[in-house]
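# Inside the fold
Spelled out from the first residue to the last, the chains are:
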Amino acid sequence: MMLRPVLLLLLAALLSSEAPYAADGRCDGYPRVSLLTSKGSCVGLVAAGLGFPRGVAAVGEDLFITDLGSWEPGHGRLLRLSPGERVASVVIDRLDRPGAIVADARGRLIVALAGKVVRIDPKAADPAAAMVTLMTGIPSDGRHNLPGLLLDRKGGLLVSIGSASDNCEGRGGARPPPDRPCAELSGRPPRASHLYIAKGQPLPVDAPSAAVFATGMRNTLALAEAPYGTILAASNGRDAIDQADPKLADARFPHDVLLRVHRGSRFDWPYCFDLGRPSPEFPKADCKRFDAPAMLLPPHAAPLSMLVYRGERLRGLKGKLLIAFHGYRAAGHRLVSLPIDRSGRPIGALRDIVSGWKAVTGLRPQGAPVALLELADGSVLIVEDHNGTLLRLSSDRPARTAR
């Protein structure tokens, strides 16, 4: 869904007095935050005090933001930012860990909750009462318990299911048997997978019996669709690989990966990492039998959102993939671009678009980009979960940089 530029100016009034960023001039009508940006662009602060936001979607002139609330069940909210309002209003409260959110062609919101996916009509007299369940039975336990969402051009819905473990370890961190398949991949539904709901399919869909689109992806909240329809997914690599093999430095391995996902794709988690290297737990794994990553991303960058930029406002970015790196380590807390062809194949190198996102007392917090949304005017909204803010990347005259 697209948003008229006038809404962005009206939303500037929503800024909280407790905003974690100090203003440094103006960025296309908003208080500028002190960050390094690509030439001709800047970042403005749209709203703060949004709780623990995890996603954003637009319907008409309204923005809808999911507030996770906390990792405890039942504290989440769906928020609305409307023109002329001073604060965000609560559309629905007591939601169970709302995360990913997308708007469909009819202006309805599809929201991923713990254990299920629902559809909400924000124009209904009672949106909570009118909520429709699209999928049930999604695993909500383990390390990665928030589903990701992608509404494709055919009207189908892709739902990502994260792994329950780091690398298929058992209770108490027990190493998996090296000569047996990882049980997580044979569950119903399989963990570390993508499920698919086709347009017109009877609802609700039970996840244990849903169509499995692809498997072997540890955690793919970052999803996008390339111009020719290929699904792109960025998967977060495992942690603490040095505990499984002291010869492998945790700071360097494994890399996060960019994947080109097709129906039936079978990737290599947890058996292999990087470009076909057997994991320490599965030293005899035949990595050649799995689909290879399209590209290695920086280790522990934690890509949590991405989109193919289609606008004109941000110079030199049209057609490129924008990826939000959420990670707290050196490779994270930044927004990057990647040239791709129309089928989603990388054809260039990563380039920083927003960086310098390190905490400076009284100036800015460490960046925590978790969701992206391109608006009708070509600007890009950036949701930060740890900082409770909504930022906007836009064009600048002249460009400014971080101090």
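See the structure printed just above.
Overview of the structure. Just so we're clear, the structure is a prediction, and the values are computed from it rather than from any experiment.

A cis geometry characterises the amide bond from Arg188 onward to Pro189, with omega recorded as -5 degrees. The omega angle of the peptide bond from Trp269 to Pro270 is 0 degrees, so this bond is cis rather than trans. Looking at the element boundaries, Pro270 is found in the loop between strand 21 (265-266) and strand 22 (272-273).

Let us now look at the nonpolar core. Ranked by size, the top nonpolar core spans 20 residues in total, and within it Leu322, Leu335, Val354, Leu372 and Leu393 carry the most contacts. Elements supplying a minimum of two residues to this core: strand 4 (41-47), strand 26 (321-325), strand 28 (351-355), strand 30 (380-384) and strand 31 (389-395). The residues touching Leu322, leaving out its near neighbours within four places in the chain, are Ser305, Met306, Leu307, Tyr309, Leu317, Leu335, Val336, Ser337, Leu372 and Val380. Tyr30, Ala47, Leu79 and Val370 belong to the second-largest nonpolar core, a separate cluster that totals 19 residues.

Extensive coverage of strand 30 is indicated by the burial of 5 of its 5 residues. Of the two faces of strand 30, the one holding Val380, Ile382 and Glu384 and the one holding Leu381 and Val383 are both buried throughout. Relative to strand 30, strand 29 (residues 369-374) runs antiparallel, the two sharing 5 bridges. Across the sheet, residue Pro369 finds its bridge partner in strand 30, namely Glu384. Between the antiparallel neighbours strand 29 and strand 30 lie 5 residues, among them Gly378 with a positive phi of about 90 degrees. Bridge count for strand 30 against strand 31 is 5 bridges, and the pairing is antiparallel. For Leu381, the partnering residue across the bridge sits in strand 31 and is Arg392.

This next bit is on the state of the cysteines. Applying the stated rule across the entire model yields 3 disulfides. Here Cys27 engages in a disulfide with Cys42; their sulfurs sit 2.0 Å apart. Because the torsion about its S-S bond is 85 degrees, the bridge between Cys27 and Cys42 counts as right-handed. Here Cys27 is found in strand 1 (residues 26-27), whereas its partner Cys42 is found in strand 4, with 15 residues between them in sequence. Judged on exposure class, the residue Cys27 and its partner Cys42 are both buried.

Conventions we followed
- Residues numbered from 1 in each chain as written.
- Predicted model: local features only at pLDDT ≥ 70, side-chain atom pairs only at ≥ 80, totals over all residues.
- Heavy atoms only, no water.
- Helix = DSSP H or I, 4+ residues; strand = E, 2+ residues; numbered from the N terminus.
- Core = buried A, V, L, I, M, F, W, Y, C linked by side-chain atoms within 4.5 Å.
- Buried < 20%, exposed > 50% of the residue type's maximum accessible area, 1.4 Å probe, protein only.
- Contact = heavy atoms within 4.5 Å.
- Pairing = 2+ DSSP bridges.
- Disulfide = S-S within 2.5 Å.

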